[in-house]
Amino acid sequence: MAKLQVAIDLLSTKEALELAAKVAPYVDIIELGTPLIKSEGLAVIKAMKAAHPDKLVFADFKTADTGELEAGMAFGAGADLVTILGSVDDATIIGAVKAAKEHGKGVVVDTIGVKDRVKRAQEVSKLGVEFVELHAGLDEQALPGYSIQVLIDEAKRAGVPVSIAGGVNLKTIAAVKQAGVAVAVAGGAIYGAADPAAAAKELRAAFDAA
Ligand SMILES: O=C([C@H](O)CO)[C@H](O)[C@H](O)COP(=O)(O)O
């Protein structure tokens, strides 16, 4: 069953916990964004898991080296999933997968900045990762001409479990689900909404209906 993930790109544990309390009933995975983890450290992971033990907590580390060490840090703090960059050496991903197996948790490979996301997704899927994030980051989304359709087309071709992150919103979430994703990630469409709970509820309904 496809899952819905909220990405929390806020900067304090207090704000993140307040947002999560509002939207948790409508999502399966709670992502702690890279800026949030850089701002608050491992403590935000511990606090989120304590507040939402029934949800999957996703630590968006975007690790580039020392995969086993950093993944172990995330899992030790309570994360269920951690991201490793797809652009780095396979050794980093293999190390993170080793830590995941030891903790009974999972690794997600983030393809941000990767030129051929589909090819890399197929390669790293052989390394034991949970799924691969087809990701256009916030800076890439701000470039002229960006369209999430690129990621939707890639998801249809991937043939391996993927998520899509890069501007999922109420207008696009049905097409994202229909592309066969394992997970749809919505950040700004939820935390940037005037009423995040209502936005998450609407996204959940559209996601489930698609
Ligand atoms: O991972 C993300 C980004 O790199 C900043 O941490 C975002 O959470 C991801 O792109 C999803 O956010 P939206 O594009 O706002 O949905």
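In this convention, every chain numbers its residues from 1, walking through the sequence in written order. Whole-chain, interface and lining totals are the exception, using all residues; otherwise, since this is a predicted model, local features are given only for residues with pLDDT of at least 70 and side-chain atom pairs are given and counted only at 80 or more. Processing note: side-chain calculations cover all non-hydrogen atoms of the structure and skip hydrogens and water entirely.

Under an unreviewed UniProt entry, the chain has the name 3-hexulose-6-phosphate synthase and belongs to Hymenobacter nivis. UniProt positions are given in the numbering used here, feature names are shortened, and annotations may be inferred rather than shown by experiment. Within the UniProt record for the chain, the comment given under Sequence similarities (unreviewed entry) is "Belongs to the HPS/KGPDC family. HPS subfamily." Under the UniProt heading Catalytic activity (unreviewed entry), the note attached to the chain is "D-ribulose 5-phosphate + formaldehyde = D-arabino-hex-3-ulose 6-phosphate".

Moving on to the side chain of Thr 13. Note on placement: Thr 13 falls in helix α1 (residues 13-23). In what follows, a contact means two residues having at least one pair of non-hydrogen atoms within 4.5 Å. Excluding residues within four positions of it along the chain, Thr 13 makes contact with Leu 36, Glu 40, Val 44 and Ala 47. A run of H or I in DSSP counts as a helix once it spans at least four residues, and a run of E counts as a strand once it spans at least two, with each numbered from the N terminus.

When the terminal C-alpha atoms of helix α5 (residues 90-103) are compared, their 20 Å separation across 14 residues agrees well with the 20 Å that a helix rising 1.5 Å per residue should span. Residues Thr 92, Ile 93, Gly 95, Ala 96, Val 97, Ala 99 and Ala 100 constitute the buried set of α5. Contact partners of the buried residues in α5: β3 (56-63), α4 (67-77), β4 (81-85), β5 (106-110) and α6 (117-124). For α5, the side-chain oxygen to backbone nitrogen distance between the N-cap and Ala 91 is 2.8 Å, and the N-cap itself is Asp 89. One fewer than the residue count of a helix, multiplied by 1.5 Å, yields its expected span. Three exposure classes are used, based on accessible area relative to the maximum for each residue type with a 1.4 Å probe and protein chains only: buried under 20%, partly exposed in between, and exposed over 50%. Polar contact is the term for a pair of N or O atoms within 3.5 Å; when the atoms are in protein, one must be able to donate a hydrogen and the other to accept it, and sequence-neighboring residues count only if both atoms are side-chain atoms.

Turning our attention to the UniProt feature "domain: Orotidine 5'-phosphate decarboxylase" (unreviewed entry) in the chain. Mapped onto this numbering, the UniProt entry annotates "domain: Orotidine 5'-phosphate decarboxylase" (unreviewed entry) at residues 3-203. Split by type, residues 3-203 is 46% helix and 20% strand. Its first and last C-alpha atoms lie 12 Å apart.

Once that is clear, we can look at unusual backbone geometry. At Lys 62, a residue that is not glycine, the phi angle is positive and equals roughly 50°. With respect to the element layout, Lys 62 can be found in strand β3. Residue Thr 66 is not a glycine yet carries a positive backbone phi of 50°. When you line up the elements, Thr 66 lands in the loop between β3 and α4.

Here the focus is the site of the ligand. Taken together, 15 residues lie near the ligand, and Asp 9, His 135, Gln 141, Gly 187 and Gly 188 sit nearest. With respect to the ligand, the side chain of Lys 62 contributes an N or O atom lying 2.9 Å from an oxygen atom. Within the side chain of His 135, a nitrogen or oxygen atom sits 2.8 Å from an oxygen atom of the ligand. Accessible areas in this description were obtained via Shrake-Rupley with a 1.4 Å probe; residue shielding takes into account the shown protein chains only. Protein coverage of the free-state accessible area of the ligand, which is 400 Å², stands at 93%. Counting residues per element, the ones that place at least two in the shell around the ligand are α2 (34-40), β3 and α7 (138-141). Following the grouping adopted for this structure description, the nonpolar residues are Ala, Val, Leu, Ile, Met, Phe, Trp, Tyr, Cys and Pro, the charged ones are Asp, Glu, Lys and Arg, and the polar ones are all others, Gly among them. Grouping the constituent residues of the shell around the ligand by class yields four nonpolar, seven polar and four charged. Throughout, near means a residue has at least one heavy atom within 4 Å of the molecule or strand.

We now examine the nonpolar core. One finds Ile 8, Ile 30, Leu 32, Ile 45 and Ile 164 to be the most contacted residues of the largest nonpolar core, which totals 62 residues. Considering every element that reaches this core, the biggest residue donor is α5, with five residues. Among residues more than four places away in sequence, those in contact with Ile 30 are Val 6, Ile 8, Ala 20, Ala 24, Met 48, His 52, Lys 55, Leu 56, Val 57 and Phe 58. Put simply, buried Ala, Val, Leu, Ile, Met, Phe, Trp, Tyr and Cys residues joined by side-chain atoms within 4.5 Å make one nonpolar core. Formed by nine residues, the second largest nonpolar core is a distinct cluster that contains Ile 29, Phe 131, Ala 165 and Val 185.

The next thing to look at is the packing of aromatic side chains. Only the six-membered ring of Trp is used, alongside the rings of Phe and Tyr, when aromatic pairs are assigned; centres must lie within 6.5 Å, and planes under 30 degrees apart are stacked while those over 60 apart are edge-to-face, with the rest tilted. Summed over all chains, the structure comprises zero aromatic pairs. Here, a charge over a ring means that NZ of Lys or CZ of Arg falls within 6 Å of the ring centre while also lying within 35 degrees of the ring normal. Above the plane of the ring of Phe 207 lies Lys 177, whose end atom (NZ or CZ) is 5.0 Å from the centre.

What follows concerns helix α3 (residues 42-51). Looking at α3, one finds that the buried residues are Val 44, Ile 45, Met 48 and Lys 49. Down the axis, α3 shows its buried residues gathered within 130° of arc, on one side only. Exposed and facing more than 90 degrees away from the buried side of α3 are Lys 46 and Ala 50. The reported arc concerns the directions from the helix axis to the C-beta atoms and nothing else.

Bringing the environment of Leu 203 into the picture now. Within the fold, Leu 203 resides in helix α11 (residues 196-209). Residue classification places Leu 203 among the buried positions, given a relative accessible area of 2%. When the C-alpha atoms of Leu 203 and Leu 11 are compared, they prove to be 23 Å apart, with 192 residues separating the residues in sequence. Excluding its chain neighbours within four sequence positions, the residues that come into contact with Leu 203 are Leu 4, Asn 169, Leu 170, Ile 173, Ala 186, Ala 189 and Ile 190.

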